[in-house]
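Secondary and tertiary structure notes
Residues per chain are reported as follows:
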Amino acid sequence: MFHLIVCALSQRLKFSDRNMLEDKANPRCSTLILVFLLLVLITDVISVSGNSVNTDRKILLNLKSFLEKQNRVNRGRYSEWNQGSSNPCKWHGISCSPDMQRVTGIDLSDSKISGEMFNNFSAFTQLQRLDLSRNTLKGVVPDDLNSCHSLVYLNLSHNILGGELKLTGLTSLQKLDLSTNRFHGEVSFSFPAICNRLVVANLSMNHFSGRIDKLFDGCLNLQYLDLSSNKFTGNIWTGFSRLVEFSVSENLVTGPVPASSFSENCTLKSLDLSVNKFRGEVPREISNCKNLVMLNLWGNKFSGPIPSELGSISTLEGLLLGDNSFSRVIQESLLNLRNLAILDLSMNKFGGEMQEVFGRFKQLKSLVLQGNSYTDGLSSSGVHKLTNLSRLDLSYNNFSGPLLAEISQMVGLKFLVLAYNQFTGAIPPEYGDLSQLQALDLSFNRLVGSIPPSIGNLRSLLWLMLANNSLTGEIPGELGNCRSLLWLNLANNQLSGRFPHELTNIGRNPTPTFESNRKSNPMISSPSNCLVTKRLLTIDYSPFGFIYTILTRKICRNIWDQLLQGYGFFQVCVKGSPVRKYRVSGYLQLSGNRFSGEVPSGIGKMQHLSVLHLSYNQFTGKLPTEIGNLPLVVLNISSNKFSGQIPMGIGNLNCLQNLDLSQNEFSGTFPGNLNSLNELCKFNISFNPQMGGKIPDIGQSATFEEESYLGNPLLQSRVFKWQEVENGSKSGEEGFWWKAVLMEHGCGLTWGMVMLYVCVKRFDPKWAMNKVEAMLRPLNKINASSSRGGRGRGRGRGRGRRIY
């Protein structure tokens, strides 16, 4: 070793006596130097081989172990790693370099992963792509990720990750997707630090805040930027015109949009400024964006005229200007937009008759004019002559007069929404000729007459909404021919007759309609779709109620697209299977009419139903046992005359969340298996006075308040203490005697308390008044409950106490 050191020193030192050192060195010096260099080379080789596919394999197995420890059931395909092959380049979701020597990509998207992120991705020193999207990852992004300097693509979207964004080390990043998470705070920690090569950045649907007006100036390669559905404030970033797509919708950005934002070399194809606080006029310089395809200014405070210069943007397909304060004049130049497919001018308070110019937009496929306070009829505008239209939404106006039969000439119409107007007369039978129609919403008008049997010709119809009118007659059996009809709402009319057995056939085969929608190009979504989605899904009922809390425009669009294509967005119970599945489920709402007779046993065939609402009618007889075969989430049959035993099958509806059987004539014993409905959160069986048995003291049935059981004197429970008899239950004449005494005592007590109240009221001793009012409160509560159930007719009137 001494000789080796001396030799090495002799090669490096430049002293004056260097030759002397060399002379004294061992003659084998050269050989030892060669050995030393060889050892260094071997060390380097070992070091390089340490960063090999084998090293990456070991780290992947560590990752697998980490994921399996956090996810003990419902694992993704990562659990198959190292089973069929030891070569990680052949494992699911793993990609490697061309020479198969290094792992360069990890795709664990939609792999049912929960828990926190793996904290050693930096060990993959050649990692370029990482996709962990569509899982339920939580916590913060570990700092370790900042050491992945080769990372080009990062997708963490659709998780529940939170904390502040600090990705300053990812300087090679080109595509970043953090959408649909819970990140918060300002993004200035990461921008412009990671801007050098960034082309795509999606930060939408988080809780980011702060100003954005200067953040992206240094992102010179950026082309796609989505900041929508956050809490950004301040003025708009004025450099957006050099992008291809820019969205800052659903934020708190304010101020005017400067004309200088639209440079002469504008490259924008999509601009979405919707649902903010922008004000002032729209700059006419927007016409510099010659390639613009979609312009969305919906939901702001823009005012003044709609710029006539928009008519020069020949590429424009979507023009969404709703929920602003634009002037009533519709520029004739907009008729030059030959590619314009959707025009949304809803909620601009236009008023008066509908402008005649709308009848000349022959190129349109979708016209949305809801909420404009229009009056009079439709014929003067000529919109019924727009034969290319597939969607016409004129809801929430004040249109009056009869419905136009000429609408039947719009043969391509798929969605006709005329709800919340004052249309009168009968439903034209010609509407049965609209063979492409998928949604017909005429609810909340003043329509009379019967439902035309010709509606049964609409084989593609998914929604039929005729609620809150004054329709009469029976439900035509021809409706059973509507093979796609999943959502039917006829509530609050004056319909009568029996529940036709043909009606149980609706929605039996919607697959052809769904398949047709999957093949067709999706239409540009309008923010007005949210109002339609809310109404068509009647999301004040479970299982759709959760949408209210998360409803953004993107979610509306996704739900709408999923429904039209037949993809469910929540899990439902499936007959014969313990596993719930994502399926499209519908509803049947016949409440608030005059239907009578028995419900047919064929209702058990309606396997698409999640909501069945038959309340406030005059149905009689036993409730079919087959109702226990349905995947119901809501069952409301209150305020009818159903009798007999409650079907035991209801206790098997494991997905049931809302059950209302109140104000009927059910008898027999309280079904004990209702106690096993663990998801039941709303329950009412009150005022079925012939029902007996005992309410369980523990379990789900015991979690509900007294109001759920009022008016059932034969029911035994710790809630109803007056039914307890010291020496056991009485029967026959003895039982009648103590009930009569109890009734007499109760009436006398009530009368005495009332008289006492009147006496003390004159002298107004406050202590006595408080005592008497406290004593009267329980009796008032019972009397009020027993008096409910009356229902008024017409829009806006009370319907008594309902539990939805």
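Predicted model, so just to flag it, every value in this text is computed and none were measured.

Parameters at a glance
Residues numbered from 1 in each chain as written. Predicted model: local features only at pLDDT ≥ 70, side-chain atom pairs only at ≥ 80, totals over all residues. Heavy atoms only, no water. Helix = DSSP H or I, 4+ residues; strand = E, 2+ residues; numbered from the N terminus. Areas by Shrake-Rupley, 256 points an atom, 1.4 Å probe, with all protein chains shown as cover. Disulfide = S-S within 2.5 Å. Axes fitted to C-alpha atoms, helices over the stretch in contact; angles between N-to-C directions. Parallel < 35°, antiparallel > 145°, perpendicular 65-115°, else oblique. Left-handed = near helix turned anticlockwise from the far one by under 90°. Contact = heavy atoms within 4.5 Å. Nonpolar A, V, L, I, M, F, W, Y, C, P; charged D, E, K, R; others polar. Phe/Tyr/Trp six-rings, centres within 6.5 Å; stacked < 30°, edge-to-face > 60°. Lys NZ or Arg CZ within 6 Å of the ring centre and 35° of its normal. Pairing = 2+ DSSP bridges. Salt bridge = Lys/Arg side-chain N within 4 Å of Asp/Glu carboxyl O. Buried < 20%, exposed > 50% of the residue type's maximum accessible area, 1.4 Å probe, protein only. Core = buried A, V, L, I, M, F, W, Y, C linked by side-chain atoms within 4.5 Å. pLDDT = per-residue confidence, 0-100. Polar contact = N/O pair within 3.5 Å; in protein donor to acceptor, adjacent residues only side chain to side chain. Arc of directions from axis to C-beta. Expected span 1.5 Å × (residues − 1).

Quick word on the overall build of the protein
- A tally of regular secondary structure across the protein gives 10 helices and 46 strands.
- Surface accessibility of the protein: about 36600 Å² in total, with carbon and sulfur atoms responsible for 52%.

Topic: the state of the cysteines
- Counting across every chain of the model gives four disulfides.
- The disulfide partner of C195 is C219, and the S-S distance across this bridge is 1.7 Å. Of this pair, C195 sits in the loop between β9 (182–185) and β10 (200–202) while C219 sits in the loop between β11 (207–211) and β12 (224–226), and the two are 24 residues apart along the sequence.
- Disulfide pairing is shown between C266 and C289; the S-S distance is 2.2 Å. Because the sign of the S-S torsion sets the handedness, a value of about 95° for the bond joining C266 and C289 places this disulfide among the right-handed ones.

Considerations on the packing of helix α6 (residues 529–537) against helix α8 (residues 553–564)
- Running from N to C, α6 and α8 point in directions that differ by 55°, and their axes come no closer than 9 Å. When the axes of α6 and α8 are compared, the pair comes out oblique. The chirality of how α6 crosses α8 is left-handed. Two secondary-structure elements touch here, α6 through N529, C530, V532, T533, L536 and L537 and α8 through R553, C556, I559, W560 and L563.
- Looking at the contact of α6 with α8, its residues break down into eight nonpolar, two polar and one charged.

Here's the deal with the packing of aromatic side chains
- If you walk through the whole model with that rule in mind, you get 27 aromatic pairs.
- A connected cluster of aromatic rings, assembled from ring pairs, spans F191, F216, W237, F240, F246 and F262.
- Sitting over the ring of Y153, R129 keeps its end group 4.1 Å from the ring centre.
- Directly above the ring of F189 sits K166, whose terminal nitrogen or CZ lies 5.2 Å from the centroid.

Some thoughts on the sheet that holds strand β19 (residues 301–304)
- Spatial strand order, β15-β17-β19-β21: four strands in an open sheet with parallel pairing. The strands lining the two open edges of the sheet, one partner per strand, are β15 (254–255) and β21 (325–326).

Focus: the sheet that holds strand β7 (residues 160–163)
- Spatially, six strands are ordered β3-β5-β7-β9-β11-β13 in an open sheet, and the strand pairing comes out parallel. Edge strands, defined here as strands with exactly one partner in the open sheet, are β3 (114–115) and β13 (231–233).
- Pairing between β7 and β9: two bridges, direction parallel. The partner of G163 across the bridge, within β9, is F183.

What to know about the pattern of salt bridges
- In the structure shown here, the tally under the stated rule is seven salt bridges.
- Here R211 and D213 are joined by a salt bridge, their closest N and O atoms 2.9 Å apart.
- Between E679 and R580 there is a salt bridge; the shortest N-O distance is 2.5 Å. Of the two residues, E679 sits in the loop between β43 (665–669) and β44 (682–684) while R580 sits in strand β35 (residues 577–582), which places them 99 residues apart along the sequence.

Brief notes about the pairing of strand β38 (residues 609–613)
- For β38, the tally of buried residues reaches five of five residues, placing the bulk of the element in the interior.
- Judged from the four bridges that link them, strand β36 (residues 586–589) and β38 form a sheet pairing that is parallel. When the bridges of β38 are listed, Y587 appears paired with V611.
- With three bridges joining them, β38 and strand β40 (residues 634–636) adopt parallel strand pairing. Of the residues in β40, the one forming a bridge with L612 is L635.

Description of the nonpolar core
- Within the largest apolar cluster, 171 residues are counted, with the highest numbers of intra-cluster contacts made by F121, F191, F246 and F358.
- Filtering out sequence-adjacent residues up to four positions away, F121 remains in contact with L63, I106, L127, L130, L132, D144, L145 and C148.

A closer look at the confidence of the model for the protein
- Across the protein, pLDDT averages 84, with 81% of residues at or above 70.
- Per-residue pLDDT stays below 50 along residues 1–25; that stretch engages in 15 contacts with residues further than four places along the chain or on separate chains.
- Low confidence marks residues 722–804, where pLDDT is under 50. Its contacts with residues over four positions away, or in another chain, come to 78 contacts.

Points about the side chain of Q355
- Relative to the elements of secondary structure, Q355 occurs in the loop between β22 (342–344) and β23 (366–368).
- On the accessibility criterion, Q355 (8% relative accessible area) is buried.
- Engagement of the side chain of Q355 in a polar contact is seen with the backbone oxygen of R328, the distance being 2.9 Å.
- Those residues in contact with Q355, other than ones at most four positions away along the chain, are R328, I330, F350, Y374 and S381.

Considering unusual backbone geometry
- In the segment running from F191 into P192, the intervening peptide bond is cis, with an omega of 10°.
- Inspection of the secondary structure assignment puts P192 in the loop between β9 and β10.
- Notably, N74 is not glycine yet its phi reads approximately 50°, a positive angle.
- With respect to the element layout, N74 can be found in the loop between α4 (53–70) and β1 (94–96).
- A positive phi angle, near 55°, is found at Q663, a position not held by glycine.
- On the secondary structure map, Q663 appears in the loop between β42 (658–660) and β43.

Digging into helix α5 (residues 511–519)
- Considered for burial, the residues of α5 that qualify are T513, F514 and N517. On an axial view of α5, the arc spanned by its buried residues comes to 100°, and they lie on one face.
- Contacts made by the buried residues of α5 are with α8.

What to know about α8
- Between its terminal C-alpha atoms α8 stretches 16 Å, which fits the 16 Å expected from 12 residues at 1.5 Å a residue.
- Within α8, burial applies to R553, K554, I555, C556, I559, W560, L563 and L564.
- At the C-terminal side of α8, G566 shows a positive phi close to 85°.

With respect to the pairing of strand β28 (residues 422–425)
- Sheet analysis places strand β26 (residues 398–402) next to β28, joined by three bridges and oriented parallel. Looking at the pairing, G401 lines up with F423 of β28.
- In this sheet, strand β30 (residues 446–447) lies alongside β28 in parallel orientation, the contact comprising two bridges. Along β30, the bridge assignment pairs T424 with R446.

Here's the deal with the environment of L369
- Among the structural elements, L369 can be located in the loop between β23 and β24 (375–376).
- The buried category is assigned to L369, whose relative accessible area is 0%.
- Taking the C-alpha atoms as reference points, L369 and F350, separated by 19 residues in sequence, lie 9.6 Å from one another.
- Setting aside chain neighbours within four positions, we find L369 in contact with L345, S346, M354, F358, Y374, D393, L394 and N397.

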